[in-house]
Amino acid sequence: MATQSTEEYLEAIYKLGGEREPLAISVLAERLSVSSPSVSEMARKLAEQGLASYEPYKGVTLTAEGQARALAVIRRHRLWERFLTDTLGFSWDQVHDEACRLEHVTSPLVEERLAEFLETPQTCPHGHPMPTAQGKVTVEAARPLSALEPGQRGVVLWVPEEKVEMLQYLTALGLKPQATVQVEAVAPFQGPLTVRIGEAWHPLGWEVASQIMVRLL
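In short, a report on the structure. (Residues numbered from 1 in each chain as written. Predicted model: local features only at pLDDT ≥ 70, side-chain atom pairs only at ≥ 80, totals over all residues. Heavy atoms only, no water.)

**Some thoughts on the pairing of strand β8 (residues 213-216)**
As a reminder of what qualifies: Strand pairing follows a simple DSSP-based rule, namely that at least 2 bridges must link the two strands. In this text, helices come from DSSP runs of H or I with a minimum length of four residues, and strands from runs of E with a minimum of two, each type numbered from the N-terminal end.
Two elements, strand β3 (residues 143-144) and β8, share 2 bridges in a ladder whose sense is antiparallel. Looking at β8, one finds that P144 is bridged to M213. Pairing geometry for strand β4 (residues 153-158) and β8, over 4 bridges, is antiparallel. Bridged to W158 within β8 is M213.

**A short note on the pattern of salt bridges**
Filter applied, for reference: Within this document, salt bridges are pairs made up of a side-chain nitrogen of Lys or Arg and a carboxyl oxygen of Asp or Glu, the two lying within 4 Å of each other. Each residue's exposure class comes from its accessible area (1.4 Å probe, protein chains only) as a fraction of the maximum for that residue type: buried when under 20%, exposed when over 50%, partly exposed otherwise.
Considering all chains together, one arrives at 12 salt bridges under this definition. In this structure, R76 engages E7 in a salt bridge whose closest nitrogen and oxygen atoms are separated by 3.1 Å. Remark: E7 occurs in helix α1 (residues 4-15) and R76 occurs in helix α4 (residues 64-86); sequence separation between them is 69 residues. Residue R76 shares its accessibility class with E7, and that shared class is buried. Of the charged contacts in the structure, one is a salt bridge between R215 and E140, with a shortest N-O distance of 2.9 Å. Separated by 75 residues along the polypeptide, R215 in strand β8 and E140 in the loop between α6 (108-117) and β3 bring together distant segments of the chain. Taken together, the salt bridges that share partners define one network made up of E11, K15 and E161.

**Focus: unusual backbone geometry**
Despite not being glycine, S33 has its phi angle at roughly 60 degrees, a positive value. For S33, a relative accessible area of 66% gives the class exposed. A positive phi angle, close to 70 degrees, is found at Y57, a residue other than glycine. Looking at the secondary structure, you find Y57 in the loop between β1 (52-55) and β2 (59-62).

Printed below as a string of structure tokens:
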């Protein structure tokens, strides 16, 4: 049975793109707030378990089994986020840490009943797609809001789930999944965007806009 630490590593590697290509140890260390030597040691352990391949100075990549384990953890996490918001009334900026605790102690039976209770949700509250019980996930083609040009409109698909202050800010703007946003102006050199949400115009920093993924209309 995978330990909590193993599951956290698999989840982080997957979310950072390590299911497709080698992920640099330094990037993973920064995400998990641990030292690079500690990450290298865990990468070697994952490789020994057949969950990843690891090459020093190149990085770590999940194997098919590692991807399946990662998606199982992500599914439990997103189901709990959905339950906490939809059923218990938590706001979307409160649920990430709570779901992190619950995802590691959820049995397959509880996961199944939770999905049934929630009527098989397709996304988490932040818009990220929900992996199926069979370990499949469909990710809609998206582009960052910062890539849109003046006059273009998009529908918000997903936003970062871990940044509490950003989520609170996006709530105030009404920038949630399925909201329609139009870019009115873009300042040069990665300057702020002026966006219209509903009938309101707002300035939006390029760094924030680059993390909001949209479907172009």
